[in-house]
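# A closer look at the structure
Listed below, chain by chain, are the residues.
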Amino acid sequence: MATVAFVAGEASGDLHGGNLLRALGRLAPEVSAWAVGGPGLAAAGAEIVSPAEELAGMGLALDRLPAVLRARARVLRRFAESPPDLFVPVDYGGLNLRLAQAARRRGIPVAYYIPPKVWAWGGWRVGRVRAAVDEALVILPFEEAYWRERGVAATYVGSPVLDHLGPRRFAAEPGTVGLLPGSRPGEVRRLWPTLLDAARRLAEGGSAHRFLAPLAPGLPRGCLEGPLAGAGVAVEILDGRAQEVMERSSLCLVASGTAALECALVGTPLVVVYRVGPLTYALARRLVTAPFIALPNLVAGRPVVPELLQPDGRQVAARAAPLLGDGPERAAQLQGLAEVRRRMGGPGASERAARAVLAHLVPGSPR
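A quick note: this is a predicted structure, and the numbers were derived from the prediction, not measured.

As enumerated under the stated definition, the model contains 4 aromatic pairs in all. Their ring planes at 75 degrees and their centres at 5.3 Å tell us that Phe79 and Phe87 sit as a pair that is edge-to-face. Ring pairs connect the aromatic residues Trp34, Phe79 and Phe87, which therefore count as one cluster. We note Arg78 situated over the ring of Trp34; from NZ or CZ to the ring centre the distance is 4.8 Å. Its guanidinium or amino end placed over the ring of Trp124, Arg125 lies 6.0 Å from that ring's centre, counting from NZ or CZ.

Laid out in structure tokens, this is it:
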């Protein structure tokens, strides 16, 4: 019986890894798995050797380092004592790239699901990926050519976002604006006041009259409610209902990240906003090499949606107002969002990724 090892260091990776393992179980029920993971991989049948909850956070933060080192030691011990037939790291490049290198040294094949985004920054890691990975299973369409051009076997399996979006249930409400400031407390703290200021300006200008915001799972309600007291605008907060906010809104103001791609796939015009601390911004200007920060623009290969770096509320409102009408700006963006949807393909990323994994376990298996 074949064994697959997974390492997913954050909630999103655990979700995607769990969906992949569940699909793999449908294709090959005899395959077993162990993992560094959370409830997603556990529910899919993996033996959890180290909980992902201990690792959650952006990068290898110092307060997470002891947990990261413990997880790394447990995985390396399993690699030595009972090597799996395949290692599937899921995202979380800080730890997973090192583990992939260790797996390769022991002759364990590596199929990296959602490899490091070296096309955005850290291009020096390309050589490390090429040396440690048998195949990269990528979730953005342009990534396949990027990796292949650099000597890494790569397969575009589709975006898990398409699997998670449900069928549309709500019609867009004219004059309604969705505010999506992100899912992490620090991200929300930096961006929420700017979005509220932009919302106030849109309301005063008469282009919008209703504002909705989803509360991300696990985010304290006070992160959104606290700043509302002096914001001069009313916002209806919907617990965990991001897709509903996107569907009901005529326009969304969205933090840069996966939510921007989700909004584009829903088909709601959007403005992408990015705010970080001054030091992080200074470093990013030196390190980031991607032509865009917004995923819809990266997928389209051109500026489909406005992306604003370190803006104030006035700048956000100025770019948002024309998109609330029926003018050429909105029409052009809707056309661009349709292009993004076409490029992303259809749902079924987990199934395609599972077939690619099975091909490593059983050579000649259909993909």
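Right, picking up where we left off after that structure.
Every second residue of strand β6 (residues 135-138) is oriented toward a common face, with Glu135 and Leu137 on one face and Ala136 and Val138 on the other, all of them buried. Pairing of strand β5 (residues 111-113) with β6 involves 3 bridges; the strand directions are parallel. Each bridged residue has a counterpart across the sheet, and for Ala111 the counterpart in β6 is Glu135. With helix α5 (residues 126-132) bridging β5 and its parallel neighbour β6, the resulting β-α-β unit is right-handed. In this sheet, strand β7 (residues 154-156) lies alongside β6 in parallel orientation, the contact comprising 3 bridges. Across the sheet, the residue bridging to Val138 is Tyr156, located in β7. Taken together, β6, helix α6 (residues 141-149) and β7 form a β-α-β motif whose crossover is right-handed.

Okay, the pairing of strand β4 (residues 86-90) next. In terms of burial, β4 is largely enclosed, as 5 of its 5 residues are buried. Here β4 shows two buried faces, one formed by Leu86, Val88 and Val90 and the other by Phe87 and Pro89. Both strand β1 (residues 3-8) and β4 contribute to a ladder of 5 bridges, which runs parallel. Counted as the bridge partner of Phe6 is Val88 from β4.

Along the chain, Ser250 turns up in the loop between α10 (242-248) and β11 (251-255). Since its relative accessible area comes to 9%, Ser250 is described here as buried. Not counting the four nearest positions on each side in its chain, Ser250 is found in contact with Glu173, Pro174, Gly175, Thr176, Thr268, Pro269, Leu324 and Arg330.

What follows is about unusual backbone geometry. Glycine aside, the phi torsion of most residues is negative, and most peptide linkages are trans. In this structure, Asp91 takes a positive phi of about 55 degrees despite not being glycine. Along the chain, the position of Asp91 falls in the loop between β4 and α4 (93-105). The class of Asp91 is partly exposed, set by a relative accessible area of 22%. One non-glycine residue, Ile114, lies in the positive phi region at around 65 degrees. Among the structural elements, Ile114 can be located in the loop between β5 and α5.

What counts, and at which threshold
- Residues numbered from 1 in each chain as written.
- Predicted model: local features only at pLDDT ≥ 70, side-chain atom pairs only at ≥ 80, totals over all residues.
- Heavy atoms only, no water.
- Phe/Tyr/Trp six-rings, centres within 6.5 Å; stacked < 30°, edge-to-face > 60°.
- Lys NZ or Arg CZ within 6 Å of the ring centre and 35° of its normal.
- Buried < 20%, exposed > 50% of the residue type's maximum accessible area, 1.4 Å probe, protein only.
- Helix = DSSP H or I, 4+ residues; strand = E, 2+ residues; numbered from the N terminus.
- Pairing = 2+ DSSP bridges.
- Right-handed = clockwise from strand over helix to strand, strands pointing away.
- Contact = heavy atoms within 4.5 Å.

Read these as geometric descriptors, not functional statements.
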